[in-house]
Amino acid sequence: MKPNIFVTRHIPEPALTKAQAACDVDLWEAETPPSYEALLERSRGKDGVLTMLTDRIDAAFMDAAGSSLKVISQMAVGYDNIDTAAAAERGIAVGNTPGVLTDATADLAFALLLAAARRIVEGARYIENGDWQTWHPTVLLGRDLAGATLGIVGFGRIGSAVARRALGFNLRILAYSPSLTEEAARAANVERADLDTLLRQSDFVSLHTPLNNQTRHLINRDRLALMKPTAILVNTARGGVVDQDTLYEALVNGVIGGAGLDVTTPEPLPADHPLLKLLNVTIVPHVGSATIGTRGRMAEMAVDNLIAGVTGKPLPNAVVAGRREA
Ligand code: DGY
């Protein structure tokens with residue numbers, strides 16, 4: 001008998017076919033995610049679940065799924081929606097998809113940085129509104145990248161990939177990460193800085209930390225106040241890393257100059273949210289990893305983790321090692 005799995009959203013091919021060949025797949029077909037109740041209901045008695053960052057995977061979910069559940073395979077590198085401690089206590093393996101989305105996410109961080117620096121969205125609206133009269137020496141002036149300072153908060157795979165791009169634009173790069181050594185910083189051509197120094201000195205700040213108890217609202221009122229009034233904040237990590245209400249105030253009151261956000265709280269942001277009205281903010285709908293190739297690779301990695309988990313093998317990319325028998 002094939003293992004039973006629940007896949008919480010339609011995933012790209014060929015990963016879906018691979019999952020269907022190895023397992024009996026119960027697939028959530030709707031565009032929108034299952035409600036928490038539906039998630040519980042459809043996962044009951046399953047051997048594995050393939051989850052998205054939109055699914056709340058807590059202890060109650062694991063208990064409702066039951067003792068057959070061996071693996072939670074997340075199709076994302078971030079897993080702040082999963083209670084990993086609860087999974088570890090229950091011997092359930094948890095997998096994620098690191099590495100394959102590094103370049104796509106770094107590209108998007110850079111796209112947001114450029115869009116904010118060069119006022120791309122504002123310029124497009126300017127034309128759409130019929131406001132463009134003629135070329136003008138002082139209209140829609142943005143900020144130079146060359147010679148400016150970029151602060152990278154979180155210097156893991158994605159933060160380092162952003163630094164590599166920034167070097168090509170002749171930016172000076174400051175990096176903050178508790179684990180970054182002087183040697184590693186030198187090898188990456190960046191300068192190590194504590195968070196406050198980085199915020200004070202940077203013209204652009206790009207966030208690349210996971211969301212956890214240490215990083216929730218890392219960028220708060222006090223830290224925003226350290227930034228330059230012209231500084232641009234880019235967030236492609238998780239909305240919760242920023243205290244969004246104080247970010248809004250900072251943007252309106254000129255505490256900082258602008259923002260480029262791929263992630264918000266909540267997601268989706270309601271269409272009438274005040275942040276969406278600001279001309280100095282560019283917001284996109286959590287599309288850091290949204291390229292055809294990247295999403296295909298993420299799906300394959302997630303399916304490989306899932307198949308390993310339901311057949312009692314170690315996951316190729318484990319956040320939590322499982323202990324339940326196949
Ligand atoms: C992740 O993998 O955590 C990303 O946010 C998904 O794009």
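In what follows, the structure referred to is the one given above.
Overview of the structure. Nothing here was measured: the structure is a model prediction, and the numbers come from that model.

## Structural notes on the overall build of the chain
Looking only at helices and strands, one finds twelve helices and 13 strands in the chain. What you see for the chain is a C-alpha radius of gyration of 21 Å, in line with the 20 Å of a compact globule of 326 residues. Taken along its principal axes, the extent of the C-alpha atoms in the chain is 70 × 50 × 35 Å. Split into buried and exposed, the 326 residues of the chain put 50% on the buried side. Long-range contacts, defined here as pairs at least 24 residues apart, represent 62% of the contacts in the chain between residues at least 6 apart. Here the chain has roughly 15,300 Å² of accessible surface; of this, 53% comes from carbon and sulfur atoms. Taking the 31 positively charged and 36 negatively charged side chains of the chain as two groups, their mean positions are separated by 3 Å.

## Considerations on the packing of helix α1 (residues 15-22) against helix α12 (residues 292-310)
Where α1 meets α12, the axes come as close as 9 Å, and the angle between the chain directions of the two elements is 15 degrees. In terms of orientation, α1 and α12 fall into the roughly parallel class. Relative to α12, α1 is oriented so that their crossing is right-handed. Residues A15, K18, A19 and A22 of α1 touch α12, and the partners they reach there are A299, E300, V303, D304 and I307. Split into classes, the residues belonging to the contact of α1 with α12 amount to six nonpolar, no polar and three charged.

Here is what the cut-offs are and how they apply
- Residues numbered from 1 in each chain as written.
- Predicted model: local features only at pLDDT ≥ 70, side-chain atom pairs only at ≥ 80, totals over all residues.
- Heavy atoms only, no water.
- Helix = DSSP H or I, 4+ residues; strand = E, 2+ residues; numbered from the N terminus.
- Rg over C-alpha atoms; globule rule 2.2 N^0.38 Å.
- Buried < 20%, exposed > 50% of the residue type's maximum accessible area, 1.4 Å probe, protein only.
- Contact = heavy atoms within 4.5 Å.
- Areas by Shrake-Rupley, 256 points an atom, 1.4 Å probe, with all protein chains shown as cover.
- Lys, Arg positive; Asp, Glu negative; His and termini not counted.
- Charge placed at Lys NZ, Arg CZ, Asp CG, Glu CD.
- Axes fitted to C-alpha atoms, helices over the stretch in contact; angles between N-to-C directions.
- Parallel < 35°, antiparallel > 145°, perpendicular 65-115°, else oblique.
- Left-handed = near helix turned anticlockwise from the far one by under 90°.
- Nonpolar A, V, L, I, M, F, W, Y, C, P; charged D, E, K, R; others polar.

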